[in-house]
Amino acid sequence: MSAEYEKLRQCYESIRRQTDFQPKLAVVLGSGLGEFAETIRVVDTVEYSAIEGFPTSTVQGHRGRFVFGYVGAVPVVIMQGRVHYYEGYAMTDVVLPIRLMKMLGAEILMVTNASGGINEQFQAGDLMLITDQIATWIPSPLRGENLEELGTRFPDMTEAYDKELRAIVTRTANRLEIPIQKGVYIQFAGPQFETPAEIRMARAVGADAVGMSTACEVIAARHMGMRVCGISCVANMAAGMTGKPLLHEEVQQYADAAAPRFQKLLTASIQEIARSIH
Ligand code: HPA
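The rules we used
Residues numbered from 1 in each chain as written. Predicted model: local features only at pLDDT ≥ 70, side-chain atom pairs only at ≥ 80, totals over all residues. Heavy atoms only, no water. Helix = DSSP H or I, 4+ residues; strand = E, 2+ residues; numbered from the N terminus. Rg over C-alpha atoms; globule rule 2.2 N^0.38 Å. Buried < 20%, exposed > 50% of the residue type's maximum accessible area, 1.4 Å probe, protein only. Contact = heavy atoms within 4.5 Å. Lys, Arg positive; Asp, Glu negative; His and termini not counted. Charge placed at Lys NZ, Arg CZ, Asp CG, Glu CD. Salt bridge = Lys/Arg side-chain N within 4 Å of Asp/Glu carboxyl O. Near = heavy atom within 4 Å. Polar contact = N/O pair within 3.5 Å; in protein donor to acceptor, adjacent residues only side chain to side chain. Areas by Shrake-Rupley, 256 points an atom, 1.4 Å probe, with all protein chains shown as cover. Phe/Tyr/Trp six-rings, centres within 6.5 Å; stacked < 30°, edge-to-face > 60°. Axes fitted to C-alpha atoms, helices over the stretch in contact; angles between N-to-C directions. Parallel < 35°, antiparallel > 145°, perpendicular 65-115°, else oblique. Left-handed = near helix turned anticlockwise from the far one by under 90°. Nonpolar A, V, L, I, M, F, W, Y, C, P; charged D, E, K, R; others polar.

Asks: Quick rundown of the overall build of the protein chain? Include the residues and the values.
Replies: When you go through the protein chain residue by residue, the secondary structure sums to seven helices and nine strands. A compact globule built from 278 residues should have a C-alpha radius of gyration of about 19 Å, and the protein chain, at 18 Å, falls within 12% of that. For the C-alpha atoms alone, the extent of the protein chain along its principal axes is close to 50 × 40 × 35 Å. Burial analysis of the protein chain (278 residues in total) assigns 55% to the buried set. Relative to all contacts within the protein chain whose residues are 6 or more apart in sequence, the contacts with residues 24 or more apart total 83%. Looking at charge distribution, the protein chain has the averaged site of its 26 positive side-chain charges lying 5 Å from that of its 31 negative ones.

The following block contains the structure:
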């Protein structure tokens, strides 16, 4: 057994000593969405710091936890606080929680994030259904020895974001009369915001929104055969598009302002996915 897989097993067993909850669906909460975890019927919580072997960064102490509970009748596990590559973690550690949620039983992954809008038709505050992604400029979480226990060496990424799940979110947004854009998400390593030249490059290669998370998580999820769905909150227009510098605080404010709409769509989409899948 590889050291990497052994670490995963150790974390898994540590969680299993704390809860026997069996989630069907995993949710990763992005900026401004943390409160969503408090809107569900919570059964158990497990702090990341209470998981034996869970990666700890020298840069920043561990904040965050898994929340187990129900959205309607759907058993879910929620990552409240995600792990970012720019914090200094190895890519394999960044995706470790995703792998754990699959090992705990989740077959479907719902990823959310805040992003910068690259598509000129977008506006700050828009929600965007992620249709595909570009992870070309970040290291792959699958680099190194393949973990055969998890998946194949060369996983297919043709339909990284599940077509049926995308249709369900679109239908749900329409029913709730919540406007939703569609587009390609590009991940950069960060933590600096992009330059205007990088944004022009990203637009030229077909990206509609940019962020510092998610794509690596989706690679790990697809490696393990999870079905993935992603929604992004376009918190600001990307660098060079408004003539003003980007401030984290302003980005955060827009993400927070869109949160109630985002949460409503998330809750309804999860319930709809559960109804449609079985
Ligand atoms: N760039 C990168 N990540 C982001 C942005 C951005 O403009 N906005 C929110 N997350």
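Asks: Break down the pattern of salt bridges for me, with residues and values.
Replies: Taken as a whole, this structure holds ten salt bridges when the rule is applied. Residue Glu38 is joined to Arg65 by a salt bridge in which the shortest nitrogen-to-oxygen separation is 3.4 Å. Here Glu38, found in the loop between strand 1 (25–28) and strand 2 (41–47), pairs with Arg65, found in strand 3 (residues 65–71); they are 27 residues apart in sequence, far enough to count as distant. Residue classification places Glu38 among the exposed residues on the basis of a relative accessible area of 51%.

Asks: Go over the site of the ligand, please, and point to the residues and values.
Replies: The full set of residues close to the ligand is Ala114, Ser115, Gly116, Phe193, Glu194, Val210, Gly211, Met212, Asn236, Leu246 and Val251. Between the ligand and Ala114 there is a distance of 3.5 Å, counted from a nitrogen atom to a backbone nitrogen or oxygen. Between the ligand and Glu194 there is a distance of 2.8 Å, counted from a nitrogen atom to a side-chain nitrogen or oxygen. Relative to its unbound accessible surface of 260 Å², the ligand loses 94% to contact with the protein. Breaking the shell around the ligand down by element, the ones donating at least two residues are strand 5 (108–117) and strand 8 (209–211). The greatest single-element share of the shell around the ligand, amounting to three residues, is contributed by strand 5.

Asks: So what's going on with the packing of aromatic side chains? Which residues, and what values?
Replies: Taken as a whole, this structure holds seven aromatic pairs when the rule is applied. An angle of 75° between the planes, with centres 5.4 Å apart, marks the rings of Phe21 and Tyr70 as edge-to-face. Separated by 49 residues along the polypeptide, Phe21 in the loop between helix 1 (3–16) and strand 1 and Tyr70 in strand 3 bring together distant segments of the chain. Accessibility expressed as a relative area gives 7% for Phe21, which makes it buried. For Tyr70, a relative accessible area of 27% corresponds to the partly exposed category. Ring geometry for Phe66 against Phe68: centres 6.4 Å apart, planes inclined by 45°, an arrangement best described as tilted. Residue classification places Phe68 among the buried residues on the basis of a relative accessible area of 0%.

Asks: Mind laying out the packing of helix 1 against helix 3 (residues 96–103), listing which residues take part and the relevant values?
Replies: Relative to each other, helix 1 and helix 3 sit at 60°, their axes nearing to 10 Å. What the angle tells us is that helix 1 and helix 3 run oblique. Considering only the axes of helix 1 and helix 3, their crossing is right-handed. Contacts from Tyr5, Lys7, Leu8, Arg9, Cys11, Tyr12 and Ile15 in helix 1 reach Leu96, Arg99, Leu100 and Met103 in helix 3. In the contact of helix 1 with helix 3, the residues fall into eight nonpolar, no polar and three charged.

Asks: If you had to explain unusual backbone geometry to someone new, which residues and values would you point to?
Replies: Among all residues except glycine, the phi angle is most often negative; among peptide bonds, the trans geometry is most common. Put simply, Gly190 and Pro191 share a cis peptide bond, and its omega is 0°. The topology assignment puts Pro191 in the loop between strand 7 (181–187) and helix 5 (196–204). With a phi close to 55°, Glu177 is a non-glycine residue in the positive phi region. Using a relative accessible area of 70% as the deciding quantity, one classes Glu177 as exposed. Phi at Thr214 takes a positive value of approximately 75°, unusual for a residue other than glycine.

Asks: Explain the packing of helix 4 (residues 163–176) against helix 7 (residues 248–277) to me, and be specific about the residues and the numbers.
Replies: Their axes nearest at 9 Å, the elements helix 4 and helix 7 cross at an angle of 130°. With respect to their mutual orientation, helix 4 and helix 7 come out oblique. The hand of the helix 4/helix 7 crossing is right-handed. Together, Glu164, Leu165, Ile168, Val169, Arg171, Thr172, Ala173, Arg175 and Leu176 of helix 4 and Lys264, Leu265, Ala268, Ser269, Glu272, Ile273, Ser276 and Ile277 of helix 7 make up the contact between the two elements.

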